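# Understanding the architecture of this molecule
So the chains spell out like this:
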Amino acid sequence: MTAAGNFSSPIFTSPPMFDSVDRPPTKLGFAKFPANFSPECRRFTVSASKNLAPMKAIDVDVKSNGCEAVNDCDGSIGIENTRNGIRSTNVVWHKCSVEKVDRQELLQQRGCVIWITGLSGSGKSTVACALTRILHARGKLTYVLDGDNVRHGLNSDLTFKAEDRAENIRRIGEVAKLFADAGLICIASAISPYRKDRDACRSILPDGDLIEVFMDIPLCVCESRDPKGLYKLARAGKIKGFTGIDDPYEPPLNSEIVLQQDGEVCPPPEAMAEKVISYLEAKGYLQA
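### Brief notes about the environment of serine 156
Here serine 156 shows up in the loop between helix H4 (147-150) and helix H5 (162-181). It is 9.4 Å that separates the C-alpha atoms of serine 156 and asparagine 168, two residues lying 12 residues apart in sequence. Once residues lying within four places of it in the same chain are set aside, the contact partners of serine 156 are Val150 and Arg151. In terms of polar contacts, serine 156 uses its side chain to reach the backbone carbonyl oxygen of glycine 153, at 3.0 Å.

### Remarks on unusual backbone geometry
In this structure, glutamine 108 takes a positive phi of about 55 degrees despite not being glycine. Tracing the sequence through the fold places glutamine 108 in the loop between helix H2 (100-107) and strand E4 (112-117). One non-glycine residue with positive phi stands out, namely aspartate 226, at about 40 degrees. Relative to the helices and strands, aspartate 226 is located in the loop between helix H7 (219-225) and helix H8 (230-235).

### A look at the packing of aromatic side chains
Considering all chains together, one arrives at 3 aromatic pairs under this definition. On the numbers, 6.2 Å between centres and 20 degrees between planes, the contact of phenylalanine 214 with tyrosine 249 is stacked. In this pair, phenylalanine 214 is assigned in strand E7 (residues 210-216) and tyrosine 249 in the loop between H8 and strand E8 (257-260), connecting sequence segments 35 residues apart. Under the relative-accessibility criterion, tyrosine 249 is labelled buried at 15%. Across the ring face of phenylalanine 160, the terminal group of arginine 151 is positioned such that the distance to the ring centre comes to 3.9 Å.

### Some thoughts on the environment of glutamate 281
Relative to the assigned elements, glutamate 281 resides in helix H9 (residues 269-282). When sequence neighbours within four positions are dropped, the list of residues in contact with glutamate 281 reads Arg138 and Leu286.

Criteria and thresholds
Residues numbered from 1 in each chain as written. Predicted model: local features only at pLDDT ≥ 70, side-chain atom pairs only at ≥ 80, totals over all residues. Heavy atoms only, no water. Helix = DSSP H or I, 4+ residues; strand = E, 2+ residues; numbered from the N terminus. Contact = heavy atoms within 4.5 Å. Polar contact = N/O pair within 3.5 Å; in protein donor to acceptor, adjacent residues only side chain to side chain. Phe/Tyr/Trp six-rings, centres within 6.5 Å; stacked < 30°, edge-to-face > 60°. Buried < 20%, exposed > 50% of the residue type's maximum accessible area, 1.4 Å probe, protein only. Lys NZ or Arg CZ within 6 Å of the ring centre and 35° of its normal.

See the structure below:
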């Protein structure tokens, strides 16, 4: 199989083994060049085009999430990301021969995301650390994505405005998805106050691979703890848009796990973590 064109000698010759591959019919299209090409570029383009084979056309489907799925005729999919007016074109998913199932077999666990949500001071980070410590002792590979920690690097450019808080959760969700695909048990600990943002993170993962853990601790208890002094600042008007004070927290409606106080006593974080581990065991996440 030799590439077509007006060449003095054949080039781009493929090995004989590829000659027997059946390919779908090629659609024809046209290249569109900018109108402001210089005369030199125009002459070069006209001259070079004599040696070009026809281009394949592409089919474009606009998805509800603002991305275009571009299906070229060999069956590969490209993504054009139109989020925030920025388009990432000509992006094609490259499939690797080592897949999630292989990594899970190696690690003897199933990759998933444990999403811990709740008010500031509810104990999210403390439970996340207790959970990863217990799983680590059992030989399970985990990683904690803490809402405060990611703002030191990955999300350091974001504010606490509603749109930036949504982007903060979106980024955490995408990173958590990568960890889960790597076969890790990823523990994301973030206030994540809005249901639509949490639901968006769930939607990008396979069914069942996001386990939502709701830290259902009353606001009065969280405020009495105030480990970072943020509630005090918010009450004094020095912090605006603080969740639970002058910005809403939308509690989950159907969390897989709800962690609550026992009357007026809050269970130790290890006990709360064990409840999550019991769920993981029951659902088969601690084995390949």
